[in-house]
Amino acid sequence: MNTVTDAKDNSWNLIIKPKGKLFDFNFKDLWEYRDLLVLLVRRDIVTVYKQTLLGFFWFIIPPVLNALTYVIIFGLFAKVPTGSDNLILFYLSGVIAWGYFADCINRTSSTFRTNASIFGKVYFPRLIVPMASVLSALVKFFVQFAFLLVVMAYFGFTGSAPDVQWQIIWVLPFILLLMALSGMAIGLIISSLTTKYRDLSNIVPFAVQFLMYATPVIYPYTFFPENLRWIFDWNPLSPMIEIFRHLLMGTDRLNLLQLCGSALFTVVLLFIGLIMFNKTERNFMDTV
Amino acid sequence: MKTVVHVDQVSKMFRLGDVGSSTLTEDIRAVYHKLTGKTNSHLITADANDRAAKATSDYVWALKDINFEVKEGEIVGLVGRNGAGKSTLLKILSRTTSPTKGQIKIRGKVASLLEVGTGFHPDLSGRDNIFLNGTILGMRKAEIQAKFDQIVEFAGVQRYIDTPVKRYSSGMYVRLAFAVAAHLDPDILIIDEVLAVGDAEFQAKCLGKMKEVSDQGRTVLFVSHNMGAVADLCSRAIMLKQGTQFMDGDTDDVIRAYVKQNMNTGLKDQSALNDPTVRRGNGAVRFEHIEMLNASGQQANEFNPGDKVVVKMTVKVNEDVDDLLASISLRSGRTRDVVTSTGRNQVASGPFKAGQTLQLTYEFNALPLRPGVYETYFWLGDNRAETAFDVVDNLLAPLVVNIPEGTNSLHVIGYFDLPFKFEQKLF
């Protein structure tokens with residue numbers, strides 16, 4: 001668990017000790033295992049479409065079906081105002097962006113549970129596994145994002161081009177990084193807690209869903225009555241989704257200040273997540 | 001010789017019972033203790049690790065103050081009964097869990113094999129799994145690439161290398177998994193005996209690989225309750241007992257001590273009933289007691305070639321059975337091959353009613369075995385070959401045939417004395 005070089009005697013290259021510092025990561029060790037990271041991502045992706053008829057399309061079909069459901073129910077029946085002329089793009093981009101975040105949480109939060117059998121048998125830096133989860137989710141996101149671009153191009157050619165905010169499009173990678181890191185941070189915390197308090201794992205799907213409704217994903221900021229909008233203002237996830245959509249189609253708010261708050265929040269959360277993960281990984285095999 | 005493994009005062013505490021039910025309140029208490037500066041009382045009240053004794057504390061020392069050093073090129077056996085702490089020490093050494101106290105220092109690249117095929121994904125091809133499993137075990141991709149052909153050849157699965165492993169036969173699967181592990185090239189190999197569960201060919205391969213690794217001057221830590229294999233492979237052994245280090249020394253001495261302690265306790269060990277590596281069978285009839293006696297009627301497990309050996313078995317019938325057969329086999333420690341067996345011997349007076357107790361006695365008048373350590377295998381079953389009532393596999397003391405004093409045994413190899421005549425004529 002604990003790999004440090006002994007200060008007094010450098011010829012020992014591995015020292016196994018009970019307790020380390022609170023924040024004790026061996027980044028050299030992580031780097032040594034980078035091939036494993038790549039192969040785990042590859043495994044996650046390849047096994048999704050193995051032996052399915054539609055193969056790779058399964059990355060795209062779920063968000064499309066989700067978006068269509070929202071278009072029909074919220075857009076056509078309930079007539080929720082979206083502030084956008086293009087319902088399909090509004091819901092599809094929201095679903096894809098949120099889907100990436102939710103995917104990060106869902107995958108990383110079960111790290112210890114789904115890998116207990118491997119963790120019990122072989123040592124490798126455990127952090128590789130949640131990192132691989134986030135990267136696999138990112139690959140999936142890129143496929144969906146490419147599809148979104150195709151749909152946008154289609155609307156562009158048919159005369160209803162989305163209002164892409166070209167001059168600030170460079171913010172987009174930053175948004176994705178924040179989503180990945182915050183998703184991983186929450187996942188790390190949940191995965192650490194679920195090894196001891198199992199009940200949590202049952203709550204996660206509901207919590208993620210609840211979080212979605214507390215974020216302007218399938219409706220814009222203005223959908224909530226004014227006395228409830230503080231939820232969006234204080235929710236560190238809402239600027240990520242709102243700005244994502246703003247960059248692509250000019251809807252929603254461009255709340256960059258709140259985004260800075262989100263960034264700060266993400267860093268703190270990630271720090272907490274890493275500490276908790278680190279503390280859990282060393283002894284979780286005794287309690288699982 | 002350099003010291004390559006240094007184990008220093010290593011202890012490990014475990015929680016008993018259902019983990020999770022009350023941990024929240026306990027954690028709050030622990031935080032409270034921390035804040036108020038009091039020590040957590042649990043650390044003080046942990047019991048010694050004796051499974052049979054009634055627990056007085058929720059915590060137990062699975063390992064207590066283990067100290068030893070391993071020199072480069074040594075091949076050390078770690079022995080002890082079920083629950084003695086072997087696996088816990090193995091887990092700490094392989095870093096899947098951390099010690100509660102103490103530390104271990106290691107020099108060189110370590111590979112620990114607690115299992116083969118860790119991380120194999122059924123949907124991936126043999127090729128993909130070689131890379132995945134290899135990197136999990138700590139190899140770099142380029143390293144695997146370089147050894148890829150060797151691995152495939154060693155496993156003998158060339159034709160199926162691009163087929164998902166879920167379509168492999170179990171034999172092919174294990175061979176592929178082992179092939180990856182066999183190409184790790186560590187300085188220190190930590191290997192668990194449970195690996196050797198499987199067909200005889202695979203067991204022999206595992207033990208052969210260990211021998212090969214040690215012949216190359218590398219260090220091996222072998223965890224086992226297979227006395228035959230330990231005697232055969234290790235020059236030094238460490239015996240654990242109830243979590244403490246009971247003995248560290250010459251393999252023969254340690255085995256003698258181990259055998260003395262466990263002469264007959266194994267059969268009463270209820271936990272062994274749940275361990276298919278040592279005890280199997282449906283339980284319709286069970287061994288109650290098995291003892292080996294020498295010519296003067298005393299319990300013994302060490303004999304000289306040509307000695308008389310008597311095996312007395314007390315057998316309890318738990319369910320009505322029509323017929324009952326018994327058998328004793330002896331296996332070699334190294335290859336795990338059956339060296340010899342009595343065949344299956346019918347107990348004449350069937351059928352048997354539940355509750356009956358029988359005594360069966362085997363008498364071997366002149367032991368034809370050559371010096372060595374032979375694992376014992378006792379079997380009870382019926383005429384249908386598939387049904388075993390009870391199998392006691394290497395749970396009891398092995399049969400040890402000593403080298404008679406004053407003989408030069410160096411050229412006596414093999415298991416049996418062969419009666420022969422040797423004539424010479426000079427012309």
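In case you missed it, the structure is sitting above this.
All residue numbers refer to position in the chain's written sequence, counted from 1. A letter from A marks each chain and a number from 1 marks each ligand, given out in the order of writing. Per-residue local features are limited, in this predicted model, to residues with pLDDT of at least 70; the limit for side-chain atom pairs, both in listing and counting, is 80 or more; totals at the level of whole chains, interfaces and linings are taken over all residues.

For the rest of this paragraph, the subject is the overall build of chain B. A run of H or I in DSSP becomes a helix once it reaches four residues, and a run of E becomes a strand once it reaches two; helices and strands are each numbered from the N terminus. Broken down by element type, chain B carries 10 helices and 21 strands. The exposure label follows from counting other C-beta atoms within 10 Å of a residue's C-beta, where the C-beta atoms are placed from the backbone and the thresholds are 20 or more for buried and 12 or fewer for exposed, leaving partly exposed in between. By the burial criterion, 41% of the 427 residues in chain B qualify as buried. Here, residue contact means that the backbone-derived C-beta atoms of the two residues sit within 7 Å. Across chain B, the fraction of contacts at a sequence separation of at least 24, relative to all contacts at a separation of at least 6, is 72%.

Further remarks concern the overall build of chain A. Check the secondary structure of chain A and you find 12 helices and one strand. For the radius of gyration, the atoms used are the C-alpha atoms, and the globule rule reads 2.2 Å times the number of residues raised to 0.38. In terms of C-alpha radius of gyration, chain A reaches 21 Å, essentially the compact-globule figure of 19 Å for 288 residues. By residue count, 38% of the 288 residues in chain A fall in the buried class. Considering only intrachain contacts with a sequence separation of at least 6, the fraction spanning at least 24 residues in chain A is 75%.

What follows covers the interface of chain B and chain A. Frequently, the measure chosen for interface size is the accessible area that the parts lose on association. Each partner contributes to the interface: chain B provides 37 residues, whereas chain A provides 32 residues. Among the elements of the structure, α1 (23-36), α3 (86-93), β5 (101-106) and α4 (126-136) of chain B are those that each provide at least two residues to the side of chain B that touches chain A. Looking at which element gives the most residues to the side of chain B that touches chain A, the answer is β5(B), with five residues. When DSSP finds two or more bridges between a pair of strands, those strands are recorded as paired. As paired elements, strand β1 (residues 14-16) of chain A and β5(B) share three bridges and run antiparallel to each other. In the sheet register, Ile16(A) faces β5(B), and the bridge partner there is Ile104(B).

What follows is about the nonpolar core. For this entry, the nonpolar core is defined as buried Ala, Val, Leu, Ile, Met, Phe, Trp, Tyr and Cys residues connected by C-beta atoms within 7 Å. Formed by 143 residues in total, the largest nonpolar core has its most connected members in Val76(B), Leu78(B), Ala177(B), Leu221(B), Phe222(B), Val230(B) and Ala237(B). Sort the elements by how many residues they give to this core and helix α4 (residues 87-109) of chain A lands first, with 13 residues. Beyond its immediate chain neighbours, meaning those up to four positions away, Phe222(B) contacts Ile75(B), Val76(B), Gly77(B), Leu78(B), Ile191(B), Met210(B), Val230(B), Leu233(B) and Cys234(B). Counting 21 residues, the second largest nonpolar core, distinct from the first, contains Val317(B), Val321(B), Ile328(B) and Leu380(B).

As a further point, take the sheet that holds strand β14 (residues 309-317) of chain B. Residue and element names in this part refer to chain B. Spatial strand order, β12-β14-β18: three strands in an open sheet with antiparallel pairing. Looking at the sheet topology across the chains shown, the edges are occupied by β12 (285-293) and β18 (357-364). The average undirected angle you get between the axes of adjacent strands in this sheet is 20 degrees. Bridge analysis of β14 against β18 gives eight bridges, and the strand direction is antiparallel. Opposite Lys312, over in β18, you have Thr361 as the bridge partner. Every axis corresponds to a line fitted to the C-alpha atoms, with the helix fit spanning only the stretch in contact, and the corresponding angles, defined between N-to-C directions, vary from 0 to 180 degrees.

Each packed pair of helices is defined by two parameters, the angle between the axes and the distance between the axes. Residue and element names in this part refer to chain A. Remark: helix α8 (residues 171-194) packs on helix α12 (residues 256-283), axes separated minimally by 8 Å, with the N-to-C direction vectors making an angle of 35 degrees. Handedness of the α8/α12 crossing: left-handed. Judged by residue contacts, Leu178, Leu181, Ser182, Ala185, Ile186, Leu188, Ile189, Ser191 and Ser192 of α8 engage Ser262, Ala263, Thr266, Leu269, Leu270, Ile272, Gly273, Leu274, Met276, Phe277 and Thr280 from α12. Residue classes in the contact of α8 with α12 are distributed as 13 nonpolar, seven polar and no charged. Put simply, a crossing is left-handed when the front helix is turned counterclockwise from the back one by less than a right angle, and right-handed when it is turned clockwise. Ten residue types, Ala, Val, Leu, Ile, Met, Phe, Trp, Tyr, Cys and Pro, are classed as nonpolar, four, Asp, Glu, Lys and Arg, as charged, and the remainder, Gly among them, as polar.

Looking now at α12(A). Helix span, expected: 1.5 Å multiplied by one less than the number of residues in the helix. Here α12(A) spans 41 Å end to end across 28 residues, near enough to the 40 Å set by a 1.5 Å rise per residue. Every buried residue of α12(A) is accounted for by Gln258(A), Leu259(A), Ser262(A), Thr266(A), Gly273(A), Leu274(A), Phe277(A), Asn278(A), Thr280(A), Glu281(A) and Arg282(A).

All right, on to helix α11 (residues 238-249) of chain A then. Along an α-helix, a turn takes 3.6 residues, which lines up residues three or four apart on a common side. All names here are of chain A. For α11, built from 12 residues, the straight-helix expectation of 16 Å at 1.5 Å per residue is met to within 8% by its first-to-last C-alpha distance of 16 Å. The buried count for α11 comes to 12 of 12 residues, which makes it a mostly enclosed element. Buried residues of α11: Ser238, Pro239, Met240, Ile241, Glu242, Ile243, Phe244, Arg245, His246, Leu247, Leu248 and Met249, and no others. Against the buried residues of α11 lie α4, α8, α10 (230-234) and α12. Positive backbone phi, at 75 degrees, marks Gly250, one or two positions downstream of α11.

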